[in-house]
Amino acid sequence: MASLAELLAQKAALDQLIIDTQRAERERAVAQVRELMAQFGLTMADIGGTPRPAPLRAARPSAPSKVAPKYRHPDTGETWSGRGLQPKWLKAALADGRSLSDFAL
């Protein structure tokens, strides 16, 4: 009986063989269609199709942009942009009765 690792290796090899075979058969089919189109002078419009546009590439997610700080802790110099969750130092100061405007830049 084959081990799990051997079976997984065989499965991976078969998966790759399937992908390669599908790609090769598709390439042969496309070549055959192109040959027939050239032989009979056909265009995409003649066969009722339109050329497929090139696939769109997914936009790369850009790095989050830095936002200028709006609030600064006077003692430690820690800052907060006003976006996202309030930092612990600000929450504690607000709980002690200070106002947000005390920390504004």
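Quick caveat, the model's predicted, so the values are computed rather than measured.

1. A look at the overall build of the protein chain
- Across its full length, the protein chain carries two helices and two strands.
- In sequence order, the secondary structure elements of the protein chain are arranged as α-β-β-α.
- For the C-alpha atoms alone, the extent of the protein chain along its principal axes is close to 85 × 55 × 20 Å.
- Looking at the protein chain residue by residue over its 105 residues, the buried ones come to 10%.
- Of all intrachain contacts in the protein chain linking residues separated by at least 6 positions in sequence, the fraction that spans at least 24 positions is 29%.
- Within the structure as shown, the protein chain displays about 9,400 Å² of accessible surface, and the carbon and sulfur contribution to it stands at 58%.
- Side-chain charges in the protein chain split into 15 positive and 11 negative, and the spacing between the mean points of these groups amounts to 8 Å.

2. Let's talk about the packing of aromatic side chains
- Summed over all chains, the structure comprises two aromatic pairs.
- Seen from their ring centres, tryptophan 89 and phenylalanine 103 are 5.6 Å apart, and the 65 degrees between their planes marks the pair as edge-to-face. One end of the pair, tryptophan 89, is in helix α2 (residues 88–95); the other, phenylalanine 103, is in the segment after α2, and 14 residues separate them in sequence.
- Its relative accessible area of 12% is what places tryptophan 89 among the buried residues.

3. A word on a nonpolar patch on the surface
- A surface patch of nonpolar side chains, amounting to about 450 Å² of accessible area, comprises Leu36, Phe40, Leu42, Met44 and Ile47.
- In this structure leucine 42 comes out as partly exposed when scored by relative accessible area, which is 36%.

4. Here we look at the side chain of histidine 73
- Secondary-structure assignment places histidine 73 in the loop between β1 (71–72) and β2 (79–80).
- Taking relative accessible area as the criterion, histidine 73 reaches 15% and is therefore assigned buried.
- Separated by 3.1 Å, the side chain of histidine 73 and the backbone nitrogen of aspartate 75 make a polar contact.
- Engagement of the side chain of histidine 73 in a polar contact is seen with the backbone nitrogen of threonine 76, the distance being 3.1 Å.

5. So, the confidence of the model for the protein chain
- Per-residue confidence for the protein chain averages 87 on the pLDDT scale, and 97% of its residues sit at or above 70.
- Mean pLDDT per element in the protein chain: β2 is the minimum at 88, and helix α1 (residues 4–40) is the maximum at 94.

6. So, the pattern of salt bridges
- Summed over the entire model, instances satisfying the criterion amount to three salt bridges.
- When the shortest N-O distance is used, the salt bridge between lysine 11 and aspartate 15 registers 3.2 Å. Residue lysine 11 and its partner aspartate 15 are both found in helix α1; the two are separated by four residues, about one turn of the helix.
- Across the pair arginine 98 and aspartate 102 runs a salt bridge, and its minimum N-O distance is 3.8 Å.
- Arginine 98 gets classed as partly exposed once you look at its relative accessible area, which sits at 38%.
- Residue aspartate 102 is classed as partly exposed on the basis of its relative accessible area, which comes to 42%.

Conventions adopted
Residues numbered from 1 in each chain as written. Predicted model: local features only at pLDDT ≥ 70, side-chain atom pairs only at ≥ 80, totals over all residues. Heavy atoms only, no water. Helix = DSSP H or I, 4+ residues; strand = E, 2+ residues; numbered from the N terminus. Buried < 20%, exposed > 50% of the residue type's maximum accessible area, 1.4 Å probe, protein only. Contact = heavy atoms within 4.5 Å. Areas by Shrake-Rupley, 256 points an atom, 1.4 Å probe, with all protein chains shown as cover. Lys, Arg positive; Asp, Glu negative; His and termini not counted. Charge placed at Lys NZ, Arg CZ, Asp CG, Glu CD. Phe/Tyr/Trp six-rings, centres within 6.5 Å; stacked < 30°, edge-to-face > 60°. Patch = residues over 30% accessible without salt bridge, like charges linked within 9 Å, V, L, I, M, F, W, Y side chains within 5 Å. Salt bridge = Lys/Arg side-chain N within 4 Å of Asp/Glu carboxyl O. Polar contact = N/O pair within 3.5 Å; in protein donor to acceptor, adjacent residues only side chain to side chain. pLDDT = per-residue confidence, 0-100.

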